[in-house]
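Structural characterization, general
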Amino acid sequence: MNFKKYLPTIVCGFGAAVLATVPGIKNFSCCLIVPAAAVFSIVLDKKINHSNDKILIGKALGFGFLTGLTATVFITTFEMLLTFFTRSNDFI
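Analysis parameters
- Residues numbered from 1 in each chain as written.
- Predicted model: local features only at pLDDT ≥ 70, side-chain atom pairs only at ≥ 80, totals over all residues.
- Heavy atoms only, no water.
- Disulfide = S-S within 2.5 Å.
- Buried < 20%, exposed > 50% of the residue type's maximum accessible area, 1.4 Å probe, protein only.
- Phe/Tyr/Trp six-rings, centres within 6.5 Å; stacked < 30°, edge-to-face > 60°.
- Helix = DSSP H or I, 4+ residues; strand = E, 2+ residues; numbered from the N terminus.
- Lys NZ or Arg CZ within 6 Å of the ring centre and 35° of its normal.
- Core = buried A, V, L, I, M, F, W, Y, C linked by side-chain atoms within 4.5 Å.
- Contact = heavy atoms within 4.5 Å.
- Patch = residues over 30% accessible without salt bridge, like charges linked within 9 Å, V, L, I, M, F, W, Y side chains within 5 Å.
- Areas by Shrake-Rupley, 256 points an atom, 1.4 Å probe, with all protein chains shown as cover.
- Salt bridge = Lys/Arg side-chain N within 4 Å of Asp/Glu carboxyl O.
- Polar contact = N/O pair within 3.5 Å; in protein donor to acceptor, adjacent residues only side chain to side chain.

So, on to the state of the cysteines. According to the stated counting rule, one finds 0 disulfides in the structure shown. Cysteine Cys 12 shares no disulfide, and the gap to the nearest cysteine sulfur, in Cys 30, comes to 18 Å. Classification of Cys 12 as buried rests on a relative accessible area of 5%. In this structure Cys 31 is not part of a disulfide, and its nearest cysteine sulfur, from Cys 30, lies 3.3 Å away. The exposure class assigned to Cys 31 is exposed, which follows from its relative accessible area of 53%.

Next up, the structure:
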């Protein structure tokens, strides 16, 4: 399996998750941070593969879905850890 193909989505999803746990920026995670991370993952993929080809819609949707999925998994994990250690969350 070629993990080089999925590395930009994992890196950008993790970065979006870290930014989404910051209290002031947390409100913009679904609208700005995760879509920007998806765009950045496509740019990273183009730089890694040294390609100047046009970005196809299927590739863009795939990268957006994988980046969003990775960000969601990491955001959930970080929120669970923060709730466990601080014994407080947004609902309390």
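Attention shifts here to the packing of aromatic side chains. Given two aromatic rings, their pairing is described by the distance between the two centres and the angle made by the two planes. Scanning the entire structure with this criterion turns up 4 aromatic pairs. Summarising the aromatic geometry, the rings of Phe 14 and Phe 74 are spaced 5.1 Å apart at their centres and angled 85° between planes, so their arrangement reads as edge-to-face. Of this pair, Phe 14 sits in helix α1 (residues 7-20) while Phe 74 sits in helix α3 (residues 57-86), placing them 60 residues apart in sequence. Geometrically, the ring pair formed by Phe 74 and Phe 78 is stacked, given 6.2 Å between the ring centres and 25° between the ring planes. Here Phe 74 and its partner Phe 78 are both found in helix α3, 4 residues apart, which amounts to about one turn of the helix. Geometry around Phe 84 places Arg 87 over its ring, the cationic atom sitting 5.0 Å from the centre.

The next point concerns the nonpolar core. Within the largest apolar cluster, 6 residues are counted, these being Cys 12, Ala 16, Ile 33, Val 34, Ala 37 and Ala 71. At the level of elements, α1 and α2 (29-49) are the ones that each hand at least two residues to this core. With 3 residues, α2 is the largest single contributor of residues to this core. Beyond its immediate stretch of four places on either side in the chain, Val 34 contacts Ala 16, Ser 29, Gly 68 and Ala 71.

Right, let's get into the environment of Gly 64. Mapped onto the elements, Gly 64 comes out in helix α3. For the pair Gly 64 and Ala 37, spaced 27 residues apart in the sequence, the C-alpha separation amounts to 8.3 Å.

The next subject is a nonpolar patch on the surface. The grouping of Leu 19, Val 22 and Ile 25 at the surface amounts to a nonpolar patch, some 210 Å² of accessible area in total. Secondary-structure assignment places Leu 19 in helix α1. The exposure class assigned to Leu 19 is partly exposed, which follows from its relative accessible area of 41%.

Moving on, we come to the side chain of Thr 67. You can see Thr 67 is positioned in helix α3. Here the side chain of Thr 67 touches Ser 41 through a polar contact of 3.3 Å, side chain to side chain. Dropping the residues within four chain positions of it, Thr 67 is found in contact with Thr 9, Cys 12, Gly 13, Ala 37, Ala 38 and Ser 41.

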